[in-house]
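One-letter residues, chain by chain:
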Amino acid sequence: MSLFRKPQPLAVLVVRDAPDVVAGLRSALETAADAERPGLERALALAEDSAARPDAELRGRWVRQRLAAAGHEGPADSVEAIKILRQAEPGLTLLQAVTYAKEAAATEA
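Residues numbered from 1 in each chain as written. Predicted model: local features only at pLDDT ≥ 70, side-chain atom pairs only at ≥ 80, totals over all residues. Heavy atoms only, no water.

> Looking at this structure, I do not really get the overall build of the protein chain. What am I missing?
In terms of regular secondary structure, the protein chain is built from five helices and zero strands. Reading the protein chain from its N terminus to its C terminus gives the helix and strand order α-α-α-α-α. When burial is assessed residue by residue, the protein chain has 28% of its 109 residues classed as buried. If you take every contact in the protein chain between residues at least 6 apart in sequence, the share linking residues at least 24 apart comes to 57%. Of the accessible surface of the protein chain, which amounts to about 7,500 Å², a share of 56% is contributed by carbon and sulfur atoms. (Helix = DSSP H or I, 4+ residues; strand = E, 2+ residues; numbered from the N terminus. Buried < 20%, exposed > 50% of the residue type's maximum accessible area, 1.4 Å probe, protein only. Contact = heavy atoms within 4.5 Å. Areas by Shrake-Rupley, 256 points an atom, 1.4 Å probe, with all protein chains shown as cover.)

> What is the right way to look at the packing of helix H1 (residues 18-30) against helix H2 (residues 37-51) in this model?
When two helices pack together, you describe them by how their axes are tilted relative to each other and by the distance separating the axes. It is the contact of H1 with H2, at a shortest axis distance of 9 Å, that shows an interaxial angle of 160°. For the element pair H1 / H2, the angle class is roughly antiparallel. Our pair here, H1 against H2, has a crossing hand that is left-handed. Facing H1, whose interface residues are Ala 18, Val 21, Val 22, Leu 25, Arg 26, Ala 28 and Leu 29, H2 presents Arg 37, Leu 40, Glu 41, Ala 43, Leu 44, Ala 47, Glu 48, Ser 50 and Ala 51. (Axes fitted to C-alpha atoms, helices over the stretch in contact; angles between N-to-C directions. Parallel < 35°, antiparallel > 145°, perpendicular 65-115°, else oblique. Left-handed = near helix turned anticlockwise from the far one by under 90°.)

> Explain the nonpolar core to me, please; I cannot follow it from the model alone.
Within soluble globular proteins, side chains that are nonpolar tend to cluster in buried spots. Judged by nonpolar contacts, the single largest core of 13 residues is most densely connected at Trp 62, Val 63, Leu 67, Leu 85, Leu 92, Ala 97 and Tyr 100. For this core, the secondary-structure elements that each account for two or more residues are helix H3 (55-69), helix H4 (79-88) and helix H5 (94-108). With seven residues, the next largest nonpolar core counts Leu 25, Ala 32, Leu 40 and Leu 44 among its residues. (Core = buried A, V, L, I, M, F, W, Y, C linked by side-chain atoms within 4.5 Å.)

> Before we go on, may I ask you to explain H5 in this structure?
For an α-helix the count is 3.6 residues per turn, leaving residues at separations of three or four pointing the same way. For H5, spanning 15 residues, the distance from its first C-alpha to its last is 21 Å, which sits close to the expected 21 Å at 1.5 Å a residue. Here H5 has its buried residues at Gln 96, Ala 97, Tyr 100, Ala 101, Glu 103, Ala 104 and Ala 105. Residues of H5 that are buried in the fold lie against H3 and H4. (Expected span 1.5 Å × (residues − 1).)

> How should I be thinking about the pattern of salt bridges in this particular structure?
Side chains that differ in charge, positive against negative, can pair when their charged atoms come close. Taken as a whole and judged by the stated rule, the model has six salt bridges. The partner of Glu 48 in a salt bridge is Arg 26, and the shortest N-O contact between them spans 2.5 Å. Here Arg 26 lies in helix H1 and Glu 48 lies in helix H2, a separation of 22 residues in the sequence. Accessibility expressed as a relative area gives 32% for Glu 48, which makes it partly exposed. We classify Arg 26 as partly exposed; its relative accessible area is 43%. Here Arg 59 and Glu 103 are joined by a salt bridge, their closest N and O atoms 2.9 Å apart. Taken as a pair, Arg 59 in helix H3 and Glu 103 in helix H5 lie far apart in primary sequence, 44 residues in all. Of the two residues, Arg 59 and Glu 103, neither departs from the other in class, the shared state being buried. (Salt bridge = Lys/Arg side-chain N within 4 Å of Asp/Glu carboxyl O.)

And the structure:
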């Protein structure tokens, strides 16, 4: 084991369909009947809000979901939470788990 290892990439990939959903809603809105417009406009606003969320926020939500599934109710960045996260997702390195836990804690504040 070397002290000078190359940093590993983050293991949790954020997949974003929101830009495609936004484009589809905009396209549907262009040809929508008057009765459909309010619903499509609201859906478009929600999709745009979702598309604007940073990846760290989405990873934080992922962490909180894993912790909740394990029954953890304490801070997301506690030692116990990091241990639970690594048990729930064995492929995570300690550095990755700590990084994700900090992101989750930052979005809770």
